[in-house]
Amino acid sequence: GVVVVGSISADVTAFARRLPRRGETVLGDDVTVNLGGKGANQAVAAARAGAPTWLVGCVGTDPFGDIVSSALRAHGVTLTEVRSVGSRTGIAHIRVDASGENDIVMTPLANADLTAEMVDESIRAVRGRAGVLLLQLEIPAEVACHAAEAGARAGLTVVLDPAPAQPLPDRVWPHVAVVTPNESEAAALTGVEVVDVESAERAAAWFLDRGVRHALITLGSAGALSVTPERARHFPAYPVTPVDTTAAGDAFTGSFGAALAAGLDVSTAIRRGMAAGALATTLPGAGASLPDRKAVDELLDA
Ligand code: ADP
């Protein structure tokens, strides 16, 4: 199975013809409230890919906590390690205009209450049942670093999606089995401007130099670059017609992690992640656009 340590939020999205100017009010066309947060999205992606999936994170005791919990449950994520804390559920406040352009204020709230002790308890609770730990950076950085170390010590394959990109202490990298940045995250962390496969290879070397065993840089419609000390390999993307690229990276990581946890070899896991990422771009939004195992099988067999 897969254990995900990460953020959970309610995404409150207002749709309007155009975004308001500073101080202005515009009339909107619609508002939606959906499950979001990179941790929650990757957990849903892994569960839909067929893996027994535990999410370790915090929600509040407010009505948004119930909304996100029932959405996670409906997608098959196990909630035993989701803690209800005193503060309010994290909220991403999103505005989208008619062209699809958006802006977002993400407020962590309960996500800031996740502690190293909670992570330790949860890793103990899933011992023997989970083989892969998925991590992102929408939780306190020191908790993410602790989770990498504790997960590696417990024998889990630690997959770090360094998003949103931020500098991390050098000691975290040797605990990371696979790092999965996109182009801009790889650039922010390594200082290498990633524009093609060749520059992605230089960025990958930065991670390997610091002790990461496998750098897997996602390149959107250009696919992904996989670099280990043994070999560098480019995987071309599955051609699709994208309508909304939100959560492609989360679909990729969740599906990749589920495949690894099922014991599939790394190249197969990369292909399954990429197929899930491609499929996620063909539907609007995040949660509901995450493909299940059958959809991935169909794209791979096509
Ligand atoms: P992020 O959403 O984190 O920026 P990417 O855009 O790199 O991540 O997407 C992750 C993976 O999803 C890519 O490696 C690719 O395989 C797949 N993918 C993303 N966008 C497309 C696309 N337009 N066409 C085909 N595959 C895509």
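Attention in this report is confined to the structure presented alongside it. Keep in mind that what you see is a predicted model, and the values were worked out from it rather than measured. (Residues numbered from 1 in each chain as written. Predicted model: local features only at pLDDT ≥ 70, side-chain atom pairs only at ≥ 80, totals over all residues.)

Notes on the overall build of the chain
A count of helical and extended segments in the chain gives nine helices and 13 strands. Among the 302 residues that make up the chain, the fraction classed as buried is 49%. A separation of at least 24 residues holds for 68% of the contacts in the chain among residues at least 6 apart in sequence. (Helix = DSSP H or I, 4+ residues; strand = E, 2+ residues; numbered from the N terminus. Buried ≥ 20, exposed ≤ 12 C-beta atoms within 10 Å, placed from the backbone. Contact = placed C-beta atoms within 7 Å.)

What to know about the sheet that holds strand S2 (residues 9-16)
Reading across from one edge, S3-S2-S6-S7 is the order of the four strands in this open sheet, with mixed pairing throughout. The two strands at the open ends of the sheet, each matched to only one other strand, are strand S3 (28-36) and strand S7 (102-107). Here the strands of the sheet are splayed against their neighbours by 15 degrees on average, with no regard to which way each runs. Sheet topology note: the S2/S3 ladder contains eight bridges and is antiparallel. Following the sheet pairing, Ala-16 is matched in S3 by Gly-28. (Pairing = 2+ DSSP bridges. Axes fitted to C-alpha atoms, helices over the stretch in contact; angles between N-to-C directions.)

Some words on the site of the ligand
The full set close to the ligand counts 19 residues, and Thr-218, Gly-249, Met-274, Gly-277 and Ala-278 are the nearest of them. Those elements giving two or more residues to the shell around the ligand turn out to be helix H7 (248-261) and helix H8 (266-280). Partitioned by chemical class, the residues of the shell around the ligand number 10 nonpolar, nine polar and no charged. (Near = placed C-beta within 6 Å. Nonpolar A, V, L, I, M, F, W, Y, C, P; charged D, E, K, R; others polar.)

Things to note about the nonpolar core
By size, the foremost hydrophobic cluster in this structure holds 92 residues, and its most contacted members are Val-2, Ala-46, Leu-133, Leu-135 and Ile-217. In contact with Leu-133, not counting residues within four places along its chain, are Val-3, Val-5, Ala-147, Gly-151, Leu-156, Thr-157, Val-158 and Val-159. (Core = buried A, V, L, I, M, F, W, Y, C linked by C-beta atoms within 7 Å.)

Structural notes on the pairing of strand S11 (residues 214-218)
With five of five residues buried, S11 is to be regarded as a mostly interior element. The side-chain alternation of S11 yields two buried faces, one formed by His-214, Leu-216 and Thr-218 and the other by Ala-215 and Ile-217. Bridge count between strand S10 (residues 178-179) and S11: two bridges; the pairing is parallel. What sits directly across from Val-178, in S11, is His-214. Judged from the four bridges that link them, S11 and strand S12 (residues 224-227) form a sheet pairing that is antiparallel. Paired with Thr-218 across the bridge in S12 is Ala-224. Hairpin connection, S11 to S12: the antiparallel pair is bridged by five residues, and Gly-220 has positive phi, about 60 degrees.

Some points on the pairing of S12
Because side chains alternate across S12, one face comprises the buried residues Ala-224 and Ser-226, and the other comprises Leu-225 and Val-227, equally buried. Inspection of the sheet shows S12 paired to strand S13 (residues 232-235) by four bridges, in the antiparallel sense. Bridge pairing in S13 places Ser-226 opposite Arg-233. Between the antiparallel neighbours S12 and S13 lie four residues.

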